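Residue strings, one per chain:
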Amino acid sequence: MTSVLEPSTSRARRADLPSVQAALRIAREIAGPAAKSVDEEARFPRESIDACREAGLLSALVPVELGGMGLSLGDVAAMCEALGQACANSAMVFAMHQIQVACLVRHGRETPAIVEYMRRLVREQRLMASATTEVGVGGDVRTSLCAVERTGDRFRLVKQAPVISYALESDDIMVTARRAPDASNSDQVIVLVDRANARLTPISTWDTLGFRGTCSLGFTLEAEGDAAAVIPQPYAEVSSRTMLPTAHTLWTSLWLGLATDAVGRARAYIRAEARKKPGTVPPGAARLAELVSVLATFRSTVHDGVRRYEEAMHDDEVLSGMAFALRMNSLKISGSTLVVDIVHRALMICGINGYRNDSPYTLARHYRDALGAALMVNNDRILGNSSSILLVQKDDASDVGA
Amino acid sequence: MTDPIRTALQQFGRLAVPVETLGDADDLYQAGLSSHASVNLMLALEEAFNVEFPDRLLKRATFQTIANLRAAVGELTSAAA
């Protein structure tokens, strides 16, 4: 197989890639200026996503031979980081889309219908959403109640989804369900549902503290289609090998972007204070020095996580192991904790000017968005999973060095 | 003679079907084995056979079938002997 999500560029050159440059430009010129209204009106960041479409970024992960850019996970992580600096909502929608694409790229190559879909995704720059949670399973995405019902070469499924982010703006939705009506709750598959063949009936609204622009309403989803759209591999494998590690690396990347912008505001604030009284170091400067070192830790953590996943990407032994699951869980826990810590420290530095909504140093939206990181897949659930791994996993003391 | 692997599965596997109905090569995940239950199953096997599963065996394939579990336990007990 040719390069699929493989590391293609070194970290030093990644920011110079034309596609990453395009993401930085979209962040600066489009996503940033729109961020306030996206947040205030809890509306979909349409202009940002349209700009990504125009730049072809929605098929960044699709292999070159299918018409895509054939970029690596690390390249897309850099784009998430870039967008996250300007508008966390745009970055989150972009990241969630790329997570679905990664699942197709890595698990749909042997399925002609999925390969054909990927070509269409490139041509039409289709936006993919996902419906993995279900009413009645208590947030456990590895359990489904609804089932794929096959009749001949057609399938049908009905799912009560408590959230489907930007469902109404999407072109397709990846839906998890039990393999068949007689399958157990954990015997799941993931199905590619064309929105044109799905009926969405809203069951809840989305008026939240942060990440307001992801428009994560709940729906009853009734779908049908060609049974060839069911990914043949068990969802358990798609999840552990691709969906979960891609989600955790791309989410932490956009949180890193958000944190970087918060620190940027604190830096700008301290510089402005210093200019007012040349010769005296502003009182917050030492706090800023501390903050910059915390941000450096966060950066290293995220970039290391991306690199570790890229290295393990084609090694099923590693990917299906508990050590890797623990590492990816830890990445999500650390990232979602550090982003709040960093935004909070930046707020303390900017003081009342960070607290205000109407100041150039405002951190209100950053703070509200950052708080969502620990809740979207609740950290307690992830800690529960990690703690059960730790009941059996042995520490490898020989794993020293970079 | 009872099979300690099947006994542990019955007790901790939380399968959707009775263990007696499963062959050694049947897919335990399709029978409803969750990753959480697989951890408990491993703890029970470690206790029953007085072994520790090394990290290289802490993967999905080890728990896919009764045959795989038997092979893993067999390898660990013969190494300990």
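Residues numbered from 1 in each chain as written. Chains lettered and ligands numbered in written order. Predicted model: local features only at pLDDT ≥ 70, side-chain atom pairs only at ≥ 80, totals over all residues. Heavy atoms only, no water.

Novice: How should unusual backbone geometry be read in this particular structure?
Specialist: Trans is the prevailing form of peptide bonds, just as negative phi is the prevailing case for residues other than glycine. Residue and element names in this part refer to chain A. The backbone of Tyr166 sits at a positive phi, close to 40 degrees, despite the residue not being glycine. Inspection of the secondary structure puts Tyr166 in the loop between β3 (154-161) and β4 (172-178). Owing to a relative accessible area of 2%, Tyr166 belongs among the buried residues under this scheme. (Helix = DSSP H or I, 4+ residues; strand = E, 2+ residues; numbered from the N terminus. Buried < 20%, exposed > 50% of the residue type's maximum accessible area, 1.4 Å probe, protein only.)

Novice: Would you take a moment to explain the interface of chain A and chain B for this structure?
Specialist: A common measure of how large an interface is: the accessible area buried when the components associate. Contact with chain A, which involves 17 residues of that partner, is made by 17 residues of chain B. Between chain A and chain B the total buried area reaches about 1500 Å² when both faces are included, carbon and sulfur atoms providing 53% of it. Taken as a group, Met322, Val392 and Lys394 of chain A account for 34% of the area that chain A buries against chain B, more than any other trio of residues on that side. The interface formed by chain A and chain B contains three salt bridges. Between Lys59 of chain B and Glu317 of chain A there is a salt bridge, with its nearest N and O atoms 2.9 Å apart. Across the side of chain A that touches chain B, the residue classes tally to five nonpolar, six polar and six charged. (Contact = heavy atoms within 4.5 Å. Buried area = accessible area lost by both parts, 1.4 Å probe. Salt bridge = Lys/Arg side-chain N within 4 Å of Asp/Glu carboxyl O. Nonpolar A, V, L, I, M, F, W, Y, C, P; charged D, E, K, R; others polar.)

Novice: What's the story with the packing of helix α5 (residues 88-107) of chain A against helix α6 (residues 112-124) of chain A in this structure? I'm lost.
Specialist: Packed helix pairs are characterised by how far apart their axes lie and by the angle those axes make with each other. Residue and element names in this part refer to chain A. At a minimum axis distance of 10 Å, the contact between α5 and α6 shows a crossing angle of 140 degrees. With respect to their mutual orientation, α5 and α6 come out oblique. The chirality of how α5 crosses α6 is left-handed. Contacts from His97, Val101, Leu104 and Val105 of α5 reach α6 at Ile114, Tyr117, Met118 and Leu121. Of the residues that constitute the contact of α5 with α6, the class distribution is seven nonpolar, one polar and no charged. (Axes fitted to C-alpha atoms, helices over the stretch in contact; angles between N-to-C directions. Parallel < 35°, antiparallel > 145°, perpendicular 65-115°, else oblique. Left-handed = near helix turned anticlockwise from the far one by under 90°.)

Novice: Explain the sheet that holds strand β1 (residues 128-131) of chain A to me, please; I cannot follow it from the model alone.
Specialist: Across a sheet, strands are paired by hydrogen bonds formed along the backbone, either parallel or antiparallel in direction. Residue and element names in this part refer to chain A. Strand order in the open sheet formed by three strands is β1-β4-β5, with mixed pairing between adjacent strands. The sheet is open, and its two edges are formed by β1 and β5 (188-194), each paired on a single side. In this sheet, neighbouring strand axes are inclined to one another by 25 degrees on average, regardless of whether the strands run parallel or antiparallel. Pairing analysis gives four bridges linking β1 to β4, with the strands arranged parallel. Residue pairing for β4: Ala131 is matched across the bridge by Val175. (Pairing = 2+ DSSP bridges.)

Novice: Please explain empty space enclosed by the protein as it appears in this structure.
Specialist: Rolling a probe over the atoms, with the probe sized like a water molecule, indicates the empty space that remains. A complete count under the given rule lists two cavities of 30 Å³ or more for this structure. Around the largest cavity, the lining residues are Arg142, Ser186, Asp187, Gln188, Pro234, Tyr235 and Ala236 of chain A together with Asp27, Tyr29, Gln30, Leu33 and Arg60 of chain B. Reported here for the second largest cavity is a volume of approximately 50 Å³. What lines the second largest cavity is simply Gly84, Gln85, Ala86, Cys87, Ala88, Leu258, Asp261, Arg365, His366 and Asp369 of chain A. Mapped by element, the contributors of at least two residues to the lining of the second largest cavity are α4 (73-86), α7 (235-276) and α12 (364-372) of chain A. Looking at the lining of the second largest cavity, its residues break down into four nonpolar, three polar and three charged. Here the lining of the second largest cavity gathers at least three residues from each of two domains, domain 1 (11-126) and domain 3 (235-390) of chain A. (1 Å grid on protein atoms, 1.4 Å probe; cavity = no way out; pocket = protein on both sides within 12 Å on 5 of 7 lines; lining within 4 Å. Points joined across faces, edges and corners; volume = space filled by probe spheres on them. Domains from an automatic or database assignment.)

Novice: Honestly, the pattern of salt bridges in this entry has me stumped. Any pointers?
Specialist: Proximity of charged atoms lets side chains of opposite charge pair with each other. Residues and elements named next belong to chain A. Under the definition given, this model contains 40 salt bridges over all chains. Its salt-bridge partner being Glu237, residue Arg241 comes within 3.9 Å of it at the nearest N-O pair. You can see Arg241 and its partner Glu237 sitting in helix α7, four residues apart, about one turn around the helix. Under the relative-accessibility criterion, Glu237 is labelled buried at 13%. Between Arg287 and Glu290 there is a salt bridge, with its nearest N and O atoms 3.3 Å apart.

Novice: Even after reading the chapter, I still don't get α7 of chain A, so can you show me in this structure?
Specialist: An α-helical turn contains 3.6 residues, so any two residues separated by three or four positions project in the same direction. Residue and element names in this part refer to chain A. The end-to-end C-alpha distance of α7, which contains 42 residues, comes to 59 Å, matching closely the 62 Å that a straight helix rising 1.5 Å per residue would cover. At Met243, α7 shows its maximal kink, close to 35 degrees; a proline, Pro245, follows between one and four residues later. Taken across its 42 residues, α7 has 31 buried, putting it largely inside the fold. (Expected span 1.5 Å × (residues − 1). Bend = angle between axes of the 7 residues up to and from the residue.)

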